[in-house]
Amino acid sequence: MSLRGARAAGAAWARGWGAGCRRGASDLPRPPPRAVDVAELLRDATVAEERPRAAEARRPPGQCSVLLFPGQGSQLVGMGRGLLRFPRARELYAAARSVLGYDLLELSLHGPQEALDRTAHCQPAVFVASLAAVEKLQHLQPAVIENCVAAAGFSVGEFAALVFAGAMEFTEGLYAVKIRAEAMQAASEAVPSGMLSVLGKPQSKFSFACLEAQEHCKTLGIADPVCEVANYLFPDCRVISGHLEALQFLQKNSSKYHFRRTKMLPVSGGFHTRLMEPALEPLTQVLKSVGVKKPLVSVHSNVDGKRYMHPKHIQKLLVQQVVSPVKWEQTMHAIYERKKGVEFPKTFEVGPGKQLGAILKSCNLQAWKSYQNVEVLADDDGGA
C-alpha cells in the first residue's frame, strides 16, 4: 500500500462516517443500504494515485501506522466509557442500537458481565467499541489514520478491520457480525465445547496431544471428537479448541505434553473448528447481501496471514475463518517483516484490552516498542 493509498483510506474514514451512522438501519432484518459510497472513494484513491506529486517525499516507515483490532474475549464491562466525548463514536452506538435491536452501549457500560460475555452480544460489542476507538484516534491523532498502511483483526476483529479499510459499510458489517455471532452461539449450545489456552515449550507436541485427547474422547463414547489447534498466538503458545472432555484430558495430562500452563478461556464454544459448521450457511448468506469492496488499506486474513486481494476473496475467507485456525503469529510476521535496519511502523490496538499488544511483544519485540493501545474504559486527555 502506497502512502497515497493510505491517505485516501484516511480521507475515506474521516468523511464517510457521520452520514453512515445517521441513516440506513431501519430496514432490518434486511441489511441497511450502504451509507458510504465506497466506489466513489475508490475512484478518489485512483485519481490520487495518478495525480503527479513529484514534490511529495515518501514517508519513512517509522511514520506509518498499523491498526490491530481485538476479538472475542477482550470484552469488559465499562468499555466505551472512554469514547463517549467523541460525537461520532456516540453515533456508532446509536446506529448499532437500530441494527441490533437492543442498547449495546448500555450493555457495554453497565453489563452484567454474564450477558456481555454471551457470544451473541460480545462480538457486536467488541466490533463497535473497536471502531469507536478508531474515531477517538482520528480525533486525537489524525495523522495515524492518514498514514495507516495495514490492518488486521483477531477473529471477529477482522470484520472491524475491513470496515475501517473501506471494504464494508459500518451497518452492513455490524449486521453480518450479528448473524455470525448468533449462529456461533447456537452452534456452541449444541455441543459442550470450549477453548484452552496452552503455553508450551519448544518440545511441546500440540498435534500429538490433540490426537491422544481425541482417542480419550472415543473411549467415553464420543463418536466424532474434536480437539485441534484453533489459534496460533506466538512461539510455543496455542489455543486448543474442541470437546470439553478433550480439553479436560489435556489439562490433566499437561506435563506429559510439556505444557507449562493451561487455562480455559471464558468463551462458550469450540470456535475455529468444524464444531462451528452450522454457522457457515447463515454467514454465507448474509455476506452475499453485503457490498464488499477492495480494501483501501492492506487487511490481512486470519486464515493464511496474507493480504486480501479482492472482494470475492474476502467473502470466501470470512466464512472459512469460522472453522479454521486463526494464524495470528503468521500474520504478525507478514505485517512486520522487513530488512534489518528498517524502522517499524507505529502500532495501535483499537478496542478493549491489550492482549494483541502482549502477543506482538512475544512475536516481535522491536515492533512492540512502537505499540500503543487506545483507551476505551476511561476518558483520558492524554491521547491514545
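As the structure is a computational prediction, the values presented were derived from the model and not from experiment.

(A) Structural view of the environment of Val 376. Relative to the assigned elements, Val 376 resides in the segment after strand 10 (371-374). Here the alpha-carbon distance between Val 376 and Val 350, two residues 26 residues apart in the chain, equals 8.4 Å.

(B) Molecular detail of the sheet that holds strand 8 (residues 326-327). Spatially, 5 strands are ordered 6-3-5-4-8 in an open sheet, and the strand pairing comes out mixed. Two strands close off the open sheet at either side, each with one partner strand: strand 6 (261-264) and strand 8. Looking at chain direction, strand 4 (residues 227-234) and strand 5 (residues 237-243) are connected through 6 bridges and run antiparallel. Residue pairing in the sheet places Val 229 in a bridge with Ile 240 of strand 5.

(C) Summary view of the packing of aromatic side chains. By the definition in use, this model includes 7 aromatic pairs. Consider the rings of Phe 69 and Phe 164, whose centres lie 6.1 Å apart with planes at 40°: the pair is tilted. Of this pair, Phe 69 sits in strand 1 (residues 65-69) while Phe 164 sits in helix 8 (residues 157-164), and the two are 95 residues apart along the sequence. Assessed through its relative accessible area of 0%, Phe 69 is described here as buried. The class of Phe 164 is buried, set by a relative accessible area of 3%. With centroids separated by 5.4 Å and ring planes inclined at 55°, the aromatic side chains of Phe 154 and Trp 328 adopt a geometry described as tilted. With a gap of 174 residues between them, Phe 154 in the loop between strand 2 (148-153) and helix 8 and Trp 328 in helix 14 (residues 328-336) connect regions that are remote in the sequence. The two residues Phe 154 and Trp 328 agree in class, both being buried. Taken together, the ring pairs in this structure connect Phe 206, Phe 208, Tyr 257 and Phe 259 into an aromatic cluster.

About the cut-offs
- Residues numbered from 1 in each chain as written.
- Predicted model: local features only at pLDDT ≥ 70, side-chain atom pairs only at ≥ 80, totals over all residues.
- Heavy atoms only, no water.
- Helix = DSSP H or I, 4+ residues; strand = E, 2+ residues; numbered from the N terminus.
- Pairing = 2+ DSSP bridges.
- Phe/Tyr/Trp six-rings, centres within 6.5 Å; stacked < 30°, edge-to-face > 60°.
- Buried < 20%, exposed > 50% of the residue type's maximum accessible area, 1.4 Å probe, protein only.

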